[in-house]
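Read off the chains here:
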Amino acid sequence: MGNFMPYALVIHGGAGAQPGTDYSAQAEHMAKLIARGQEMLADGENALAVVAGMVAELEASGLYVAGKGSGPNAAGEFELDASIMDGRNRNSGAVAGIRGFIHPVLAARAVMEDGRHVMLAGAGAEELARSAGLAEVEDPQAYYSEHVRHGSADTVNHGTVGAVALDRSGALAAATSTGGTFGKLPGRLGDTPVIGAGTWADNLVAVSSTGLGEAFIRCAAAHDVAARMHYGGRDLGTATREVLDEVRKCGGDGGLIAVDAQGRISMPYNSQGMKRAAVSYATDAVVRVFEPEP
Ligand code: ASP
């Protein structure tokens, strides 16, 4: 009977995609990742491990504005945000404005596993990540050198990576990681480390956001998807599209990736493009950047 349990996985590489830019390296990378993620879920791996693993790979690649590909803030420094949530029990962890770690998402998971707090910022987050033994960046200016390929404060200006999954035991999980917006003020935190804005997972749905973080925070975007399903009786696709309409009203654009407990997938955006890939027990893998969602 286990073989018939649904599973689903969606990953994103940010909603800041610019028409005219060649994203074939990202598309190729996402195709490989989604195939690996599918294998893990088909083999019975749990959703939390899969989303953490997917986001860690996206961070390390340098191909997106997160982890190695992050852009600098107005002071030329690299302050990163990440969060993770386990839909089985709503355990969550987040790091905000963290410096010098290869995998902010694993630092977020360490905060969750430590269990005393949900969100740690700056030096405190770094201390916990260090005591968890997480890999550090030796020379930040050299390590974070990929962002020049992703644009600047005047062009692309933001990006994020994320993953949402339903595993065969019925558990949902979500994780998100970002370098934030290019040229942001030192200390600026976006939606990515905010549980309920950038990331959400419960027993019904898992969500990861990308776009102008200030608007996503003001809309409690990721949690609002869940709320519309829980209290409003919306299906997944309606809930995600309605939330993006609200984000627009708050002065932002972007996209959401989401999976529900039945293994349905949604990945709409209202920016110019969103790097994304999806697969489920019922659908073949797809990788898209500018193609519109139904
Ligand atoms: N949401 C991210 C932030 O505002 C940026 C992005 O998703 O492109 O930090």
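Refer to the structure presented above.
To keep things clear, this report deals only with the structure shown in the data block. (Residues numbered from 1 in each chain as written. Predicted model: local features only at pLDDT ≥ 70, side-chain atom pairs only at ≥ 80, totals over all residues. Heavy atoms only, no water.)

**A closer look at the pairing of strand β1 (residues 8–12)**
Using the following cut-off: Relative accessibility decides the category of a residue: with a 1.4 Å probe and only protein chains considered, values under 20% of the type maximum give buried, values over 50% give exposed, and everything between is partly exposed. Secondary structure elements are defined from DSSP: runs of H or I of at least 4 residues count as helices, runs of E of at least 2 residues count as strands, and each element is numbered from the N terminus. Here, any two strands with at least 2 DSSP bridges between them count as paired.
Most of β1 is tucked away, with five of its five residues classed as buried. Side chains of β1 alternate between two faces, with Ala 8, Val 10 and His 12 and Leu 9 and Ile 11 buried alike. Taken together, the five bridges between β1 and strand β5 (residues 158–166) define a ladder with antiparallel strand orientation. Note on β5: the bridge partner recorded for Leu 9 is Ala 165.

**Quick notes on the environment of Gly 179**
For clarity, the threshold we go by: Contacts are assigned to residue pairs with any non-hydrogen atoms lying within 4.5 Å of each other.
Looking at the element boundaries, Gly 179 is found in strand β6 (residues 172–181). Among the residues examined, Gly 179 registers a relative accessible area of 0% and is labelled buried. Sequence spacing of Gly 179 and Gln 26 is 153 residues, and the spatial spacing of their C-alpha atoms is 17 Å. Ignoring anything within four residues of it in the chain, the contact list for Gly 179 reads Val 65, Ala 66, Ser 70, Gly 71, Glu 79, Leu 80, Gly 159 and Lys 184.

**Observations regarding the sheet that holds strand β11 (residues 276–280)**
Threshold: A fitted line through C-alpha atoms serves as each axis, taken over the contacting stretch for helices, and the angle formed by two N-to-C directions is quoted from 0 to 180°.
The mixed open sheet is built from eight strands, whose spatial order is β4-β3-β2-β6-β5-β1-β11-β12. Whereas interior strands pair on both sides, the edge strands pair on one side only; in this sheet they are β4 (119–121) and β12 (283–288). For this sheet the average axis-to-axis angle between neighbouring strands, irrespective of direction, equals 5 degrees. Pairing of strand β3 (residues 91–98) with β4, which is carried by three bridges, proceeds in the parallel orientation.

**Concerning the pairing of strand β2 (residues 80–86)**
Most of β2 is tucked away: seven of the seven residues are buried. Neither face of β2 is exposed, since Leu 80, Ala 82, Ile 84 and Asp 86 on one face and Asp 81, Ser 83 and Met 85 on the opposite face are all buried. With six bridges connecting them, β2 and β3 associate as antiparallel partners. Its bridge partner lying in β3, Met 85 is registered against Ser 92. Taking the residues that link successive antiparallel strands as the turn, the β2-β3 hairpin has four residues, and the phi of Arg 90 there is positive, at about 60 degrees. Pairing of β2 with β6 involves six bridges; the strand directions are antiparallel. Looking at β6, one finds that Asp 81 is bridged to Thr 178.

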